[in-house]
Amino acid sequence: MTHDLRVRFEDMGRKLAEKPHLKRLGALFSETVLIEIDGNEYYLAFHRGDLERVTEGPSRQTPWRFAIRTDAEALDKFWQPIPEPSFHDIFGFVKTGRGRIEGDILVLVKNLRFFKEFMALGRPEEAAA
Amino acid sequence: MSAQPAYEPIIGRYVTIEVQGRSYRVFVEEAGQGQPVICFHTAGADSRQWRHIMNDAELTANYRFIAPDMPWHGKSLPPEGFEEEEYLLTTEVYVETVLKLVEALALENPIYAGCSMGGRIALQLALNNPEPFKGFIAIEASDFQPAWYDIDWFHRPDAHGGEMGAALVSANIAPQGPKAERWNTQWMFMQSGPGVFRGDLNFYTKDDSLVGKLGGIDTSEKPVHIMVGTYDMTCTPEDAKRTADQIPGATLAVMEGIGHFPMSENPATFRPHFVEALAKMG
């Protein structure tokens, strides 16, 4: 499961590179984001809107700007073509108590469209936007 | 026969009203004939949210829809001196704005329809100022919604509040809507004036003056119909039900596959629910 998710995030990174509008929206986004699923850590290092690498944890030494923590079932629901209510948006994890968003939230909010559209790249292609 | 312009039936005009001693030039769109329905938009947006209803020939055959841009929104100007002012909407200003518009536009017995903060004001009017109205359609409306976000995110010198606001409110848009309309809905937030969404949210997320008072609404002559979308994370179906349950005689419609901006994000899904709502107004 942990390896599968890393591969999935890397695949999303490849899709990201094929989206010129996301390249433009993410031009100022060079941050590391921690995504924690059922306690398994994935450090996603972005540079100017590109996903440069995905590193699996655990790590107490990798700095990150903000983190999204949720569970595999919630993430799977989020990645459905038509997610059910509250699983259609990353803030739904927080609103329903299925996850937490932590760290420098303002950086997330300043890059919110970019990051939401990146996370949606885990959905089937036709549902991503 | 000479060629006719291919205009939509919606026309736009301006009216000047005075609210709490200040003058506001307000833009108003209108379409149709018959029973007047005055339609109010959500926070951070404008009357374009209502354009699908206003372009619906079957509905405009019997209803005259009037949709203002609230002061500071859309094509309505902010008041003189806005450049040094922190815009913070209040219940008092909002209620007086609605009442002054009804008076200035000479509307007789209009139905009130409003979404989100416009839905909140529907309940305020139903409680405190029902006289001018035939009934109230309160969409994505509840007695009180504390913020699950920091409203100060949306007015900063180092970032575009409109773009951040749109990205936030996309959390309240259902994935089932047509892509073009989901993005048109966000475009209005991207366009809103600096600090306007924040100022609207100041009212929407802090004014709890309806809490505990909804039982005082008399629906015997002025119906109250509440509508809510299943994908609305700001005013959830549970919030709307809690609100409806407190108003004797109020009715509630839960709309599947729709979010916080029903008339704008998914017009086809919204339409039958709105037809039902209009019918409930008598």
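One can find the structure itself at the top, above this paragraph.
Predicted model only: the values in this text are computed from it and were never measured.

What counts and how
Residues numbered from 1 in each chain as written. Chains lettered and ligands numbered in written order. Predicted model: local features only at pLDDT ≥ 70, side-chain atom pairs only at ≥ 80, totals over all residues. Heavy atoms only, no water. Core = buried A, V, L, I, M, F, W, Y, C linked by side-chain atoms within 4.5 Å. Buried < 20%, exposed > 50% of the residue type's maximum accessible area, 1.4 Å probe, protein only. Helix = DSSP H or I, 4+ residues; strand = E, 2+ residues; numbered from the N terminus. Contact = heavy atoms within 4.5 Å. Lys, Arg positive; Asp, Glu negative; His and termini not counted. Salt bridge = Lys/Arg side-chain N within 4 Å of Asp/Glu carboxyl O. Polar contact = N/O pair within 3.5 Å; in protein donor to acceptor, adjacent residues only side chain to side chain. Pairing = 2+ DSSP bridges. Axes fitted to C-alpha atoms, helices over the stretch in contact; angles between N-to-C directions. Buried area = accessible area lost by both parts, 1.4 Å probe. Nonpolar A, V, L, I, M, F, W, Y, C, P; charged D, E, K, R; others polar.

A. Seen up close, the nonpolar core. Core analysis: the biggest nonpolar cluster contains 100 residues, and F46(A), I90(A), F115(A), F118(A), Y94(B) and Y112(B) have the highest contact counts within it. Ranked by residues supplied to this core, first place goes to helix α4 (residues 117-128) of chain B with 7 residues. When residues no more than four places from it in sequence are discounted, the contact partners of F118(A) are F9(A), M12(A), G13(A), L16(A), L44(A), F46(A) and L51(A). Judged by nonpolar contacts, the second largest core, of 25 residues, contains I10(B), W50(B), F65(B) and I258(B).

B. Quick peek at the side chain of D207(B). Residue and element names in this part refer to chain B. Within the element layout of this structure, D207 appears in the loop between α7 (196-206) and β7 (224-229). Despite being buried, D207 has no salt bridge partner; R120 is the closest side chain of opposite charge, sitting 5.3 Å away. At 2.6 Å, the side chain of D207 forms a polar contact with the side chain of S209.

C. Geometry of the pairing of strand β4 (residues 66-70) of chain A. All names here are of chain A. Where burial is concerned, most of β4 is hidden: 5 out of the 5 residues are buried. Of the two faces of β4, both are covered, the one formed by F66, I68 and T70 as well as the one formed by A67 and R69. Where β4 lies against strand β5 (residues 100-103), 4 bridges are found, and the strand directions are antiparallel. Opposite R69, over in β5, you have R100 as the bridge partner.

D. Inspection of helix α6 (residues 112-120) of chain A at higher detail. Of all 9 residues in α6(A), 8 are buried; the element is thus mostly enclosed. Residues of α6(A) that are buried include every one of L112(A), F114(A), F115(A), K116(A), E117(A), F118(A), M119(A) and A120(A), and no others.

E. Summary view of the sheet that holds β4(A). Residue and element names in this part refer to chain A. Here we have 5 strands laid out as an open sheet, ordered β3-β2-β1-β4-β5, and mixed in their pairing. If you trace the sheet from one side to the other, it starts and ends with β3 (50-56) and β5, each paired once. Along the sheet, successive strands turn relative to each other by an average axial angle of 20°, direction set aside. Note that strand β2 (residues 40-47) and β3 share 6 bridges and pair antiparallel. Bridge pairing in β3 places L44 opposite V54. Contacting β1 (32-37), β2, β3 and β4, α6 crosses the sheet at an angle of about 125° to β2.

F. Here's a closer look at the interface of chain B and chain A. If you look at the interface, chain B gives 22 residues, while chain A gives 19 residues. Regarding the contact of chain B and chain A, the summed buried area is about 1800 Å², with carbon and sulfur atoms giving 70% of it. When the area that chain B buries against chain A is broken down by residue, the three leading residues are W153(B), Y231(B) and M233(B), summing to 31%. Run the count over chain B and chain A and you get 1 salt bridge. Notably, a salt bridge pairs D158(B) with K110(A), separated by 2.6 Å at the nearest N-O pair. The interface formed by chain B and chain A holds 6 residue pairs in polar contact (both at pLDDT 80 or more) in total. Listing elements by their share of the side of chain B that touches chain A, those giving two or more residues are α5 (161-169) and α6 (179-191) of chain B. Top element by residues in the side of chain B that touches chain A is α6(B). It accounts for 4 residues. Partitioning the side of chain B that touches chain A into residue classes produces 13 nonpolar, 5 polar and 4 charged.

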